[in-house]
Structure formats: structure tokens, C-alpha cells
Amino acid sequence: MIIFDNPKDVDDWRITNDSVMGGKSKGDFLFEQDHGVFTGYISRDNNGGFSSVFRSIEPPLQNMDAVIVEIQGDGQKYQIRLVTYSDGYRLTYSHAFDTTNGQRERLKFHLSDFNATFRGRLIDSAPVLESANIREIGFLVAKATAGQFSLSVYSLMFLSE
């Protein structure tokens, strides 16, 4: 389980912006009282348009089949992303979700509903996502228009149903 009860908790998270491909978007991950805030500005300059934040995790126990996140969004669409490593490749499994501006929500996602991607392309032949293989967790925002974004993250946990 990930909770935010110490300002140092945000040090475990790393930002990857579209600058890796020449874009100019800026993201940050900040601590506020009892939650982390993934915030920034998406720029469409130089074909940009995304920002992401990740952190390494200890692999969840085997047979976990869902992840629950408690968030407060800004009315925009985000992705929750789970990362595994297979045959030397980093595979990201993603699930998109909408947020309601200013509303704190508890969302549950079944691992079987995540799609495997590599550099933005769907990987149909990817292995089935198993909880014991998850090594990182994160969020991504990608937008077709420039503008601010802000996603507060209160907690995250895996569970078996």
C-alpha cells in the first residue's frame, strides 16, 4: 500500500515528460499534507503532449487481481500504469480513467482490464499481467491541447477479490 504521510514520500517518484522526444511539457510531484499531487503543464510544442510520474514498488503478493486508488482529479483523463520487465524489455500495462473536477474518488481497476503497451503501441502478444511481476506504478496524462493538469493521489493498494 502507498500512502502519503511523510513529505519525503514524494522523493520516491520520478517524472518523465515528453522532453525525452523533444517536447516541452513540465510535470512535478509534490507533497501536500496527506497526499501527493501530480501537477504541471502540457505543451504541444515540438509534438509534445504528455507527462508521467512513476515509482518503484515491492512486487505485490501473488494472486492480487485489482488495484484501488484514491484520487482527486481536475476533470481530465489520466492513465494508471503498471510496469513489468520481460526478457529485458520494460512493458507498461495501462488503464485510462476520467476524473471529476474537485471530487475525491476511490477507483478500482482489475488487472485483467489493463492493456500492455511499449512506447505507446499496443502489444497483443504480451504476457498476462500478474501482480507478482509488477515493479513500478505510475500515472500519465496525455492531451491533444495545451494546458494545466493536477491529480491528487491519496492512496494506492492492491487486493485479491
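This one's a predicted model, so the numbers in the text were calculated from it and none came from an experiment. (Residues numbered from 1 in each chain as written. Predicted model: local features only at pLDDT ≥ 70, side-chain atom pairs only at ≥ 80, totals over all residues. Heavy atoms only, no water.)

Notably, Gln33 is not glycine yet its phi reads approximately 50 degrees, a positive angle. Within the fold, Gln33 resides in the loop between strand 3 (26-32) and strand 4 (35-42). Although it is not a glycine, Asn63 adopts a positive phi angle of roughly 70 degrees. The topology assignment puts Asn63 in the loop between strand 5 (50-56) and strand 6 (66-72). (Helix = DSSP H or I, 4+ residues; strand = E, 2+ residues; numbered from the N terminus.)

This part is about the pairing of strand 8 (residues 89-98). Regular strands have side chains that alternate between both faces of the sheet. The pairing of strand 7 (residues 77-86) with strand 8 spans 10 bridges and is antiparallel. When the bridges of strand 8 are listed, Gln79 appears paired with Ala96. Between strand 7 and strand 8, which pair antiparallel and follow one another directly, the connecting turn spans two residues, one of which, Asp87, has a positive phi of 50 degrees. When strand 8 meets strand 10 (residues 115-118), the two strands line up antiparallel, connected through three bridges. Considered in strand 10, the bridge of Tyr93 is made with Ala116. (Pairing = 2+ DSSP bridges.)

With that settled, the discussion passes to the nonpolar core. In summary, soluble globular proteins display a tendency toward joint burial of nonpolar side chains. Core analysis: the largest hydrophobic core is formed by 35 residues, its most contacted members being Ile80, Phe97, Phe114, Ile137, Phe139, Leu156 and Phe158. Secondary structure elements with two or more residues in this core: strand 4, strand 6, strand 7, strand 8, strand 9 (104-110), strand 12 (136-142) and strand 13 (147-159). Not counting residues within four places of it along the chain, the set of residues in contact with Phe114 comprises Val67, Ile80, Leu82, Tyr93, Ser94, His95, Phe109 and Leu129. (Core = buried A, V, L, I, M, F, W, Y, C linked by side-chain atoms within 4.5 Å. Buried < 20%, exposed > 50% of the residue type's maximum accessible area, 1.4 Å probe, protein only. Contact = heavy atoms within 4.5 Å.)

Applying the stated criterion across every chain yields a total of eight aromatic pairs. A connected cluster of aromatic rings, assembled from ring pairs, spans Tyr78, Phe97, Phe109, Phe114 and Phe139. Lying over the aromatic face of Phe54, Arg90 brings its terminal NZ or CZ to 4.8 Å of the ring centre. (Phe/Tyr/Trp six-rings, centres within 6.5 Å; stacked < 30°, edge-to-face > 60°. Lys NZ or Arg CZ within 6 Å of the ring centre and 35° of its normal.)

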